[in-house]
Amino acid sequence: MKKLTHLMAATALTATAAMPAMAEKWDMPMAYAATNFHSEVGANFANCVTEGSGGAIEIVTHPSGSLFAGNEIMRAVQTGQTNIGERLLSAHQNENPIYGVDSIPFLVSSFDEHEALWKIAQPAVKKALKEDNLHYLYSVPWPPQGLYFNKEVNSVEDLKGIKFRSYSTATARMAELTGMLPVQVEAAELSQALATGVAESFISSGATGYDRKVWEHLTHFYEVDAWLPRNAVFVNMDAWNGLDDAAKGVMTDCAAKAAEEGLTRSKEYTQFTLDGLKEGGMTVTRAGDQLVGELQAIGETMTQEWLETAGDEGSAIVDTYKNQ
Ligand code: PCA
């Protein structure tokens, strides 16, 4: 018996030695469609790490909320249920106002403006993530946000009572201030929410409307360029600290590549998806002056509210951006 135990131990040792050092599989939950650029960039990032580490760390992506729903991803990574994940930062503004720095209405309305703001804000977001037991790897912006409806809309008066799908604190607040009725729905559930009448409008990029084929339910997309929110990829801090320097280096390099690829792909996807909405039969147009003016006034209120909750750190970011 003793001999057998020894033999088994020896076999186990040989099996371990044959594996690459500390081979690990990391599941990476993602919330958006597999065909969306965020998910494709994430898959490329995963391959980059798997190859770069010689298979020591194999990252496997799970898009479309298939492993964890969007609103569960940050907690799952924080608590170590999984080691890595991607999440829309502004969905967590209620936990830390800094996560909503990319959703201050009408502060930025183009990719270039957004990138300038992000450069200033990134250290504060990184710090906030660290406080939440997360190591920041990279992030990628969505295209500018516009409004989807099932009818022509010319003013805030036309919005009263509409059921509005929100994805963050800012989108829910915008609904309240325009007299709409917010209901939080993940993008993966959006088509169903529109089909069943749970929601009849929302704010998002052309990308998400295209990914979810919303022309099956809605008729109008109004470009308002309210803001450009970001998805961030982060690692559980204990898992990160457990990596050796070589593995950390591979991940950091792959993350830098992913950030660059993501930005390019987001820009490319903008016009492509607006054209796709048109091909689907939707009216795609800039919002009229009255609607824009009224939304800007609401944006002012929201900006003041954000500045109050985000304190000195938030004000410093906005001031630096405005004064550069
Ligand atoms: N799409 C995501 C967030 C922003 C965007 O453009 C969504 O609607 O959930």
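My aim in this report is to walk through the structure given alongside it, one point at a time. Given the structure is predicted, the values throughout are model-derived calculations rather than measurements.

Rules used in this analysis
- Residues numbered from 1 in each chain as written.
- Predicted model: local features only at pLDDT ≥ 70, side-chain atom pairs only at ≥ 80, totals over all residues.
- Heavy atoms only, no water.
- Axes fitted to C-alpha atoms, helices over the stretch in contact; angles between N-to-C directions.
- Helix = DSSP H or I, 4+ residues; strand = E, 2+ residues; numbered from the N terminus.
- Parallel < 35°, antiparallel > 145°, perpendicular 65-115°, else oblique.
- Left-handed = near helix turned anticlockwise from the far one by under 90°.
- Contact = heavy atoms within 4.5 Å.
- Nonpolar A, V, L, I, M, F, W, Y, C, P; charged D, E, K, R; others polar.
- Salt bridge = Lys/Arg side-chain N within 4 Å of Asp/Glu carboxyl O.
- Buried < 20%, exposed > 50% of the residue type's maximum accessible area, 1.4 Å probe, protein only.
- Pairing = 2+ DSSP bridges.
- Disulfide = S-S within 2.5 Å.
- Near = heavy atom within 4 Å.
- Polar contact = N/O pair within 3.5 Å; in protein donor to acceptor, adjacent residues only side chain to side chain.
- Areas by Shrake-Rupley, 256 points an atom, 1.4 Å probe, with all protein chains shown as cover.

1. A closer look at the packing of helix α4 (residues 111-131) against helix α9 (residues 245-279)
Point 1. For the pair α4 and α9, interaxial distance at closest approach is 12 Å and the crossing angle is 150 degrees. By the angle between their directions, the pair α4 and α9 is classed as roughly antiparallel. Crossing angle aside, the handedness with which α4 passes α9 is right-handed. Residues Phe 111, Asp 112 and Glu 115 of α4 form the contact with α9, whose participating residues are Leu 263, Ser 266, Lys 267 and Thr 270.
Point 2. Taken together, the residues that form the contact of α4 with α9 break down as 2 nonpolar, 2 polar and 3 charged.

2. Observations regarding the pattern of salt bridges
Point 1. A full pass over the atoms with the stated rule returns 10 salt bridges.
Point 2. Ionic pairing is found between Lys 25 and Asp 27, a salt bridge with its closest N-O pair at 3.3 Å.
Point 3. Owing to a relative accessible area of 23%, Asp 27 belongs among the partly exposed residues under this scheme.
Point 4. The partner of Glu 176 in a salt bridge is Arg 173, and the shortest N-O contact between them spans 2.9 Å. One end of the pair is Glu 176 and the other is Arg 173, both in helix α5 (residues 169-177) and 3 residues apart, which spans about a single turn.
Point 5. Overlapping salt bridges, with partners in common, bring together Glu 40, Glu 261 and Arg 265 in one network.

3. Remarks on the sheet that holds strand β3 (residues 84-88)
Point 1. If you walk across this open sheet you meet the 3 strands as β3-β10-β4, and the pairing is antiparallel. Bordering the open sheet on either side are β3 and β4 (134-141), each of which pairs with just one other strand. Direction aside, the axes of adjacent strands within the sheet are offset by 25 degrees on average.
Point 2. Sheet analysis places β4 next to strand β10 (residues 230-236), joined by 7 bridges and oriented antiparallel. Looking across to β10, one finds that His 135 is bridged to Val 235.
Point 3. Seen against the sheet, helix α2 (residues 37-52) touches β3, β4 and β10 and runs at an angle of roughly 135 degrees to β4.
Point 4. The strands touched by helix α3 (residues 70-78) are β3, β4 and β10; relative to β3, the strand with the most contacts, the crossing angle is about 140 degrees.

4. Considering the state of the cysteines
Point 1. Tallied over the full model, the rule gives 1 disulfide.
Point 2. Shown here is the disulfide that connects Cys 48 with Cys 254, its sulfur atoms set 2.1 Å apart. Looking along the S-S bond of the Cys 48-Cys 254 disulfide, the torsion reads about -80 degrees, which is the left-handed sense. Pair noted here: Cys 48 is in helix α2 and Cys 254 is in helix α9, with a separation of 206 residues, a long-range link.

5. A short note on the site of the ligand
Point 1. In the vicinity of the ligand, the contacting residues are Tyr 32, Leu 88, Trp 142, Gln 145, Arg 165, Tyr 167, Ala 187, Ser 204, Ser 205, Thr 208 and Pro 229.
Point 2. Within the side chain of Tyr 32, a nitrogen or oxygen atom sits 3.0 Å from an oxygen atom of the ligand.
Point 3. For the ligand, an oxygen atom lies 2.8 Å from a polar atom in the side chain of Arg 165.
Point 4. Alone, the ligand offers 260 Å² of accessible surface; in the complex the protein occludes 100% of this.
Point 5. Here the residues of the shell around the ligand are counted per class, giving 6 nonpolar, 4 polar and 1 charged.

6. Considerations on the sheet that holds strand β6 (residues 163-166)
Point 1. Strands sit in the order β7-β6-β8-β5-β9-β11 across an open sheet of 6 strands; the sheet is mixed. Two strands in the sheet have a free side with no partner beyond their single neighbour: β7 (181-184) and β11 (283-286). Sheet twist, expressed as the average angle between the axes of neighbouring strands with direction ignored, equals 25 degrees.
Point 2. Here 4 bridges tie β6 to β7, and the two strands are oriented parallel to one another. Opposite Arg 165, over in β7, you have Val 183 as the bridge partner.

7. A word on the environment of Glu 86
Point 1. Examined against the element boundaries, Glu 86 turns out to sit in strand β3.
Point 2. Using a relative accessible area of 2% as the deciding quantity, one classes Glu 86 as buried.
Point 3. In this structure, the C-alpha to C-alpha distance between Glu 86 and His 62, residues 24 residues apart in sequence, is 10.0 Å.
Point 4. At 3.4 Å, the side chain of Glu 86 and the side chain of Asn 231 are in polar contact.

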